[in-house]
Amino acid sequence: MNINTVNLKRAFYTLPNWVSYLTGICKPYPVGYNIICITKRCNLKCKMCNIWKEPPSDDLINAPILARTISNSTMLSKIQVAVFTGGEPFLRKDLSEIIIELFGKTNTNRVLIATNGVLGVKIIKDLNAVFNHKSSVGKQVSIQISLDGIGKVHDRIRGVEGTFGHVHSTIEKLKELKTCYRNRLRIGITGIFQYENKDDFKNVYRYALNNDIEFGCGIIINTEYNKVKNSKYNKSLLTDIKEEDLTGLSEDIKDALINWLSSEEKIGKMRCFAGFNSVFWDTNGDIYPCHHTSHLNTYKMGNILESDFDTLWKSENANFVRSRVKKCDIKGDCMLGGCNIASQKVQYCLPHYLVKLFTLGKIDLYKRLGYYG
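Residues numbered from 1 in each chain as written. Predicted model: local features only at pLDDT ≥ 70, side-chain atom pairs only at ≥ 80, totals over all residues. Heavy atoms only, no water.

Participant: Looking at this structure, I do not really get the nonpolar core. What am I missing?
Facilitator: Side chains of nonpolar character tend, in soluble globular proteins, to be buried together. Counting residues in hydrophobic clusters, the biggest one holds 104 residues, and the most contacted among them are F84, L257 and W281. Contact partners of F84, with chain neighbours within four places excluded, come to I36, I38, L66, P89, L95, I98, I99, L102, V111, L112, I113 and A114. (Core = buried A, V, L, I, M, F, W, Y, C linked by side-chain atoms within 4.5 Å. Buried < 20%, exposed > 50% of the residue type's maximum accessible area, 1.4 Å probe, protein only. Contact = heavy atoms within 4.5 Å.)

Participant: Please explain helix 15 (residues 349-358) as it appears in this structure.
Facilitator: It helps to recall that an α-helix has 3.6 residues per turn; residues three or four apart then point in one direction. Listed as buried for helix 15 are C349, H352 and Y353. Buried residues of helix 15, viewed axially, fall in a sector of 100°; they line one side. Just beyond helix 15, the residue with positive phi is L360, at close to 55°. (Helix = DSSP H or I, 4+ residues; strand = E, 2+ residues; numbered from the N terminus. Arc of directions from axis to C-beta.)

Participant: What's the story with the packing of aromatic side chains in this structure? I'm lost.
Facilitator: The description of two aromatic rings rests on the distance between their centres and on the angle between their planes. Taken as a whole and judged by the stated rule, the model has 13 aromatic pairs. Geometrically, the ring pair formed by Y21 and F276 is tilted, given 5.1 Å between the ring centres and 55° between the ring planes. Here the residue Y21 occupies a position in helix 2 (residues 15-23), and F276 occupies one in the loop between helix 10 (263-266) and strand 7 (279-281), the gap between them amounting to 255 residues. Taking relative accessible area as the criterion, F276 reaches 2% and is therefore assigned buried. One cation-aromatic arrangement involves R322 over W313; the distance from NZ or CZ to the ring centre is 4.8 Å. Positioned above the aromatic ring of Y21 is the side chain of K326, whose terminal nitrogen or guanidinium carbon lies 5.1 Å from the ring centre. (Phe/Tyr/Trp six-rings, centres within 6.5 Å; stacked < 30°, edge-to-face > 60°. Lys NZ or Arg CZ within 6 Å of the ring centre and 35° of its normal.)

Participant: Help me understand unusual backbone geometry in this model?
Facilitator: With glycine set apart, most residues show a phi of negative sign, and most peptide bonds adopt trans. With an omega dihedral of 20°, the bond running from G86 to G87 counts as a cis peptide bond. Here G87 is to be found in the loop between strand 2 (81-85) and helix 4 (95-105). Even without a glycine there, the phi angle at D212 is positive, about 55°. For D212, the position within the fold is in the loop between helix 8 (201-210) and strand 6 (214-219). When its relative accessible area of 74% is taken as the criterion, D212 is described as exposed.

Participant: For this particular structure, what's the right way to read the sheet that holds strand 4 (residues 140-146)?
Facilitator: Read from one edge to the other, the open sheet built from nine strands follows the order 6-5-4-3-2-1-7-8-9, with strand pairing classed as mixed. Each of the sheet's edge strands pairs with one partner strand only, and the pair in question is strand 6 and strand 9 (302-303). Two elements, strand 5 (residues 185-193) and strand 6, share six bridges in a ladder whose sense is parallel. Directly across from G191, in strand 6, lies its bridge partner C217. Relative to the sheet, helix 9 (residues 251-261) contacts strand 5 and strand 6, its axis offset from that of strand 6 by approximately 15°. (Pairing = 2+ DSSP bridges. Axes fitted to C-alpha atoms, helices over the stretch in contact; angles between N-to-C directions.)

Participant: What should I look at first to understand the pairing of strand 1 (residues 34-37) in this one?
Facilitator: Two faces belong to every sheet, and in a regular strand the side chains alternate between them. Burial along strand 1 is two-sided: N34 and I36 facing one way and I35 and C37 facing the other are all buried. Sheet analysis places strand 1 next to strand 2, joined by four bridges and oriented parallel. Across the sheet, residue I35 finds its bridge partner in strand 2, namely V83. Crossover connection from strand 1 via helix 3 (residues 63-71) to parallel strand 2: handedness right-handed. Strand direction decides the pairing type here: strand 1 and strand 7, joined by three bridges, are parallel. By the bridge assignment for strand 7, I36 is matched with W281. (Right-handed = clockwise from strand over helix to strand, strands pointing away.)

Participant: Help me understand the pairing of strand 2 in this model?
Facilitator: Within strand 2, five of the five residues are buried, which leaves the element mostly enclosed by the surrounding structure. Here strand 2 shows a buried face lined by V81, V83 and T85 and a second buried face lined by A82 and F84. Taken together, the four bridges between strand 2 and strand 3 (residues 110-115) define a ladder with parallel strand orientation. Residue pairing in the sheet places F84 in a bridge with I113 of strand 3.

Participant: When you look at the packing of helix 4 against helix 5 (residues 120-131) in this model, what are you seeing that I'm missing?
Facilitator: A packed helix pair is summarised by two numbers, namely the angle formed by the two axes and the spacing between the axes. Between helix 4 and helix 5, whose axes approach to 9 Å, the crossing angle comes to 30°. The angle between helix 4 and helix 5 falls in the class roughly parallel. Crossing geometry of helix 4 relative to helix 5 is assigned as right-handed. In contact with L95, S96, I99, I100 and F103 of helix 4, helix 5 contributes K122, D126, A129 and V130. Residues that form the contact of helix 4 with helix 5 fall into these classes: six nonpolar, one polar and two charged. (Parallel < 35°, antiparallel > 145°, perpendicular 65-115°, else oblique. Left-handed = near helix turned anticlockwise from the far one by under 90°. Nonpolar A, V, L, I, M, F, W, Y, C, P; charged D, E, K, R; others polar.)

Participant: I'm lost on helix 5 in this one. Help?
Facilitator: Spanning 12 residues, helix 5 covers 16 Å between terminal C-alpha atoms, matching the ideal 16 Å at 1.5 Å per step. When helix 5 is considered as a whole, its buried residues turn out to be G120, I123, I124, D126, L127, V130 and F131. Down the axis of helix 5, the smallest arc covering the buried residues is 165°, so these residues share one side. For helix 5, the exposed residues lying more than 90 degrees away from the buried face are V121 and K125. (Expected span 1.5 Å × (residues − 1).)

Participant: What is the right way to look at the pattern of salt bridges in this model?
Facilitator: Side-chain pairs of opposite charge can arise where the charged atoms are in close proximity. Tallied over the entire structure, the rule returns 13 salt bridges. Of the charged contacts, one joins R92 and D94 as a salt bridge, the two residues approaching to 2.8 Å between their closest N and O atoms. Comparing R92 with D94, the two get one shared label, buried. (Salt bridge = Lys/Arg side-chain N within 4 Å of Asp/Glu carboxyl O.)

Participant: I'm lost on the environment of L238 in this one. Help?
Facilitator: With respect to the helices and strands, L238 occurs in the loop between strand 6 and helix 9. With relative accessibility at 0%, the residue L238 sits in the buried group. Separated by 23 residues in sequence, L238 and L261 have C-alpha atoms that sit 7.2 Å apart. Discounting chain neighbours no more than four positions away, the residues touching L238 are F193, Q194, Y195, I220 and L261.

No statement about biological role is implied by the geometric values presented.
Right under this line is the structure:
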């Protein structure tokens, strides 16, 4: 995280969260991420996620509800980043309308969309609609495409033949679109390191480099959210991975993977701020600290279709949920899964800056704490 005016502001706003976390005296301000499950519908059959087997759910959060809830909330006014997840977000017919409403009526200046990249035509159509609208001027959309292998490896993991071909075609279209919109569009690839692709993972990394695309990574997890019980799709089979098995990857990527694979040794140093600096919205309007707790009623803070967000956020029930987060027993798995770790880094940005300043850049607090990626 670079030191600039925007990030310094966010660092300042994390102070109430620290006070709330340590003492419970004041209400926390969510200044990290709005993580929004836009839909649970999916067009793939991924081996490590059974969400596609779930009965279709109603997508109750639409553009007016989302924009109205955020714009009417003092608590949500500090959040500038919205993360859309699913299912597959681009299955929503009104996705471009939702982004346009957020850009036009809230303080959101960046939307990050996690996608499997299969619906290339729809992706380009929606992005053109957003970028051609006046509300998106000076705003940014980040497309984060899941890619777990090259060719047949990716197809096998994602459960549908031809998936890699569609992803490659989408990436080519996105690169062409980026020549028109430059800094307004970011393209990234996220690879999930797992037993099925451990020998091919370096090829995914090279693919990103060859296409001049940002690359991020995570490891396979197996929480109730993914509804997968098969031990073949969790990190237990990766415990014997050595540094020499990760040749061909950058030092940062290797550090991240090794750190995540040995998380049990470091997890005690990590604090979870889900429900303090970030919030998860389910498709039916239910509010949770994070998506990994969204299957547990004891972590439900409330529903924004039944209450305004600020009332919900300040309620005794929300306080009870936050007390559970502080001693959450699934932290060892979920903290290592992408948006969560990024959100936690936001909370640590102020001490990170101070440590960096007083040690003349010699100590990286993020790495000391295990926050890679």
